Amino acid sequence: MHSLKPTSTAGPRPQRRRARALLAAAALAATAPFATVGYADELSPSERARLARGETVTRPVTIEGDDRRYVGGLTYAVLDASVSELQEIFEDVASYRHVLPRTKRATLVARAGQDDLVELRQGNAMIDARYTLRVRHEPWRREVHFWLVPSRPHDVRDAWGYFHVDPVPPTEGAPGPRSLVTYGVLVDLGPGLVRDLFEERLRTVLLSTPDILRRYIAARHRPPAQG
C-alpha cells in the first residue's frame, strides 16, 4: 500500500490564495444561483438541459505556478433535497464517510472558533491518505469551505474547496424540494510518482462528490424495509 507522503509543507500563502481565487472566479463565471425561471445564464443550453435531466456538469481545472500543481475543478448537480437538509448533512461529521469519495474514516478532532477540524482517512487498496481539514460553515451564505491544516500530519501537499447550495424553484412533476449544489475542489499531491500515476484518477474521483451525495440522499429518503 502506498501512502501519499508530502515532499514539503503546505505551499506559499500567495500561491494558495491564487488557487482559491482562480477556482472561485471559475465558479462565478460558470454559474449563478438559479433564477426564478430557468437556470443560470452563464451555463450553456446543453449544460442546463443536462442539469434538468438530473445529470451532473463537471468542469476540470488545473492551476500551475512555481513548484505547485493543483488539480480538481467544479461540479454542478441538482439534488432532491432542501437547502436545510444539505446544511444538516454538511454539519454532521459522521456523514462525511458516506459523502466524500473513498473515505474510510472521518473524525472531529477539535473545534477552533466557528471551524471544525476534521481528520480524514481516504484511499483504496493501493493508496492511503490521512490529513486534517478545517471546515467552516457559513449557513447565511449557504456555503461550506474547507482547507488543509498544514500543522497536522498530512499525506497530500495542499487541498481547498467548498460547497455552495441554492434552492431550485418548484416545477411540475418534481416530487419535493430540490437544490443546485456547486462543488469546487483543488488538490496538490506534490511532485513524484504518485502525482504522475494517479493525478487524473484523483480528479475524476474528486469531481464525483455530488453524485455520491445524491446517492446518500436517496438512501436517506428510502423508506425502511418491511420485514
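Nothing here was measured: the structure is a model prediction, and the numbers come from that model.

Novice: Could you give me a rundown of the overall build of the protein chain, with the residues and numbers involved?
Specialist: A count of helical and extended segments in the protein chain gives six helices and nine strands. Within the protein chain, the proportion of its 227 residues that are buried is 50%. Total accessible area on the protein chain is roughly 11500 Å²; 54% of this is exposed by carbon and sulfur atoms.

Novice: Account for the pairing of strand S5 (residues 115-123), with residues named and values stated.
Specialist: In terms of burial, S5 is largely enclosed, as eight of its nine residues are buried. Pairing between strand S4 (residues 103-112) and S5: eight bridges, direction antiparallel. Note on S5: the bridge partner recorded for alanine 110 is leucine 117. Across nine bridges, S5 lies against strand S6 (residues 127-138) in antiparallel orientation. The partner of glutamine 122 across the bridge, within S6, is alanine 129.

Novice: Account for the packing of aromatic side chains, naming residues and giving values.
Specialist: With the rule as written, the count across this model stands at five aromatic pairs. Relative to phenylalanine 163, the ring of phenylalanine 146 lies with its centre 6.4 Å away and its plane at 50°, an arrangement referred to as tilted. Of this pair, phenylalanine 146 sits in strand S7 (residues 143-148) while phenylalanine 163 sits in strand S8 (residues 158-168), and the two are 17 residues apart along the sequence. By the burial criterion, phenylalanine 146 is buried, and phenylalanine 163 matches it. Their ring planes at 25° and their centres at 6.5 Å tell us that phenylalanine 146 and tyrosine 183 sit as a pair that is stacked.

Rules behind the numbers
- Residues numbered from 1 in each chain as written.
- Predicted model: local features only at pLDDT ≥ 70, side-chain atom pairs only at ≥ 80, totals over all residues.
- Heavy atoms only, no water.
- Helix = DSSP H or I, 4+ residues; strand = E, 2+ residues; numbered from the N terminus.
- Buried < 20%, exposed > 50% of the residue type's maximum accessible area, 1.4 Å probe, protein only.
- Areas by Shrake-Rupley, 256 points an atom, 1.4 Å probe, with all protein chains shown as cover.
- Pairing = 2+ DSSP bridges.
- Phe/Tyr/Trp six-rings, centres within 6.5 Å; stacked < 30°, edge-to-face > 60°.

Treat this as a map of the structure, not an account of what it does.
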